[in-house]
Amino acid sequence: MHADLSPVIAATAQWLIRAFPASGGALASALCEVQARQAVTAAARLRYPTAMDAALLGVSGPGGSGRLDWVTGADAALGDDLDAQAWRTWVDEVVASWAACLLTDPELADRAVAALADGSRTAGAPAEFRRLLAPDDSDRDAAALLRHPDLLAPVAGLHQEQLLDRLNPGRALIA
């Protein structure tokens, strides 16, 4: 993983697990976080596949969570402490949307990880994304909200077409 993507991955995964928290105790929270981080990592690698892409992200910034907060209704509960919310500036809306797509559509997640595995820097990618691709019952229980298609639909729908275009680059354009 590009070190330059680490803040975006951490903040975007954090946003997902705060917006769609685990159901259960500490173990459920950890399992939910792992699934969110794997989905966000895959999405970020697809969105920023080269070192140059990651560098440009560092220069331009990811955009923040403003629209995501508005779409999910989280903006009303943020409060006035801007310092406590500074991490939200590192949230990437497109990466969050793509991660939501991967969390709710197992076939799309398989295709995304396969696309990453075709690249030279992610050899062994399916093992790295095991909880995303093959969640067991405890993973599913812990991330019931995080993987619920109806709950994530507003987030997933924001940039789903871009993800499909990225995964189907040879697809003919329809006018």
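Because the structure is a prediction, the values reported are computed rather than measured.

Draft legend 1. Representation of the overall build of the protein within the structure. Helix and strand counts for the protein come out as ten helices and zero strands. Along the protein, helices and strands appear, N-terminal first, in the series α-α-α-α-α-α-α-α-α-α. Evaluated residue by residue, the protein yields a buried proportion of 41% over its 175 residues. Look at the contacts in the protein between residues 6 or more apart in sequence, and 80% of them connect residues 24 or more apart.

Draft legend 2. The arrangement of the environment of Asp53 in detail. Looking at where Asp53 falls in the secondary structure, it is placed in helix H3 (residues 51-60). As for Asp53 and Leu5, which are separated by 48 residues in sequence, their C-alpha atoms are 9.7 Å apart.

Draft legend 3. Helix H6 (residues 106-117), seen in detail. Taking 1.5 Å per residue, twelve residues should reach 16 Å; H6 reaches 16 Å between its end C-alpha atoms and fits that length. Listed in full, the buried residues belonging to H6 are Leu108, Ala109, Ala112, Val113 and Leu116. Taken end-on, H6 shows its buried residues confined to a sector of 130°, consistent with a single buried face. The opening residue of H6 is Asp105, an N-cap whose side-chain oxygen sits 3.1 Å from the backbone nitrogen of Glu107.

Draft legend 4. Summary view of the packing of helix H5 (residues 93-104) against helix H10 (residues 149-167). Interaxial distance between H5 and H10 falls to 6 Å at its minimum, and their mutual angle equals 105°. Considering the angle they form, H5 stands roughly perpendicular to H10. Only Pro149, Leu152, Val155, Ala156, Gly157, Leu158, His159, Gln160, Gln162, Leu163 and Arg166 of H10 make contact with H5, whose side of the interface consists of Glu93, Val94, Ala96, Ser97, Trp98, Ala100, Cys101, Leu102, Leu103 and Thr104.

Draft legend 5. Quick peek at the side chain of His159. Within the secondary structure, His159 sits in helix H10. Exposure remark for His159: the relative accessible area of 13% places this residue in the buried category. Contact partners of His159, with chain neighbours within four places excluded, come to Arg67, Glu93, Val94, Ser97 and Trp98.

Draft legend 6. Structural view of the nonpolar core. Judged by nonpolar contacts, the single largest core of 47 residues is most densely connected at Trp15, Leu16, Leu102, Leu132, Leu146 and Leu163. At nine residues, H5 tops the list of elements feeding residues into this core. Excluding its chain neighbours within four sequence positions, the residues that come into contact with Leu16 are Ala36, Val40, Ala99, Leu103 and Leu146.

Draft legend 7. How the structure looks around the packing of aromatic side chains. This structure, assessed with the given rule, holds one aromatic pair. Considering the side-chain rings of Trp15 and Phe20, the 6.3 Å spacing of their centres and the 80° angle between planes classify their relative orientation as edge-to-face. Relative accessible area serves as the criterion here: at 2%, Trp15 is assigned to the buried category. On the basis of relative accessibility, which here comes to 6%, the residue Phe20 falls in the buried class.

Draft legend 8. Up close: the environment of Val94. Inspection of the secondary structure assignment puts Val94 in helix H5. The buried category is assigned to Val94, whose relative accessible area is 9%. Taking the C-alpha atoms as reference points, Val94 and Val155, separated by 61 residues in sequence, lie 9.2 Å from one another. With residues up to four places along the chain from it excluded, the contact list for Val94 reads Arg47, His159 and Gln162.

Draft legend 9. How the structure looks around the packing of helix H1 (residues 6-19) against helix H2 (residues 26-47). Their axes nearest at 9 Å, the elements H1 and H2 cross at an angle of 130°. As far as their axial angle goes, H2 and H1 are oblique. Between H1 and H2 lies a crossing whose hand is right-handed. In this structure, H1 uses Ile9, Ala10, Thr12, Ala13, Leu16 and Ile17 to contact H2, whose residues at the interface are Cys32, Glu33, Ala36, Arg37, Val40, Thr41 and Ala44.

The rules we used
- Within any chain, residue numbers begin from 1 and follow the written order of that chain's sequence.
- With pLDDT at 70 or above as the cut-off, local features in this predicted model cover only qualifying residues; side-chain atom pairs require 80 or more to be listed or tallied, and sums for whole chains, interfaces and linings still use all residues.
- Hydrogens and waters are ignored; side-chain quantities use all the structure's heavy atoms.
- Where helices and strands are cited, they refer to DSSP runs of H or I of at least four residues and of E of at least two residues respectively, numbered from the N terminus.
- When accessible area is computed with a 1.4 Å probe and restricted to protein chains, residues below 20% of their type maximum are described as buried, those above 50% as exposed, and intermediate ones as partly exposed.
- Contacts are assigned to residue pairs that have any heavy atoms within 4.5 Å of one another.
- Expected span, for any helix, means 1.5 Å times one less than how many residues it has.
- Note: the arc covers the axis-to-C-beta directions of the helix.
- In protein, a polar contact means a hydrogen-donor-capable atom and an acceptor-capable atom, both N or O and within 3.5 Å, with residues adjacent in sequence counting only if both atoms are side-chain atoms; elsewhere, any N or O pair within 3.5 Å suffices.
- Between N-to-C directions, angles span 0 to 180 degrees; the directions come from axes that are lines fitted to C-alpha atoms, helices contributing only their stretch in contact.
- Angles are sorted into four bins: roughly parallel if under 35 degrees, roughly antiparallel if over 145, roughly perpendicular if 65 to 115, and oblique for all others.
- What makes a nonpolar core is a set of buried Ala, Val, Leu, Ile, Met, Phe, Trp, Tyr and Cys residues whose side-chain atoms join them at distances within 4.5 Å.
- Paired rings are identified among Phe, Tyr and Trp, the last through its six-membered ring, by centres lying within 6.5 Å, and are further divided according to the angle between planes into stacked (under 30 degrees), edge-to-face (over 60) and tilted (the rest).
- By definition, any crossing whose near helix is turned counterclockwise from its far helix by less than a right angle is left-handed, and any crossing with a clockwise turn is right-handed.

Purely spatial values, then, with no claim about function.
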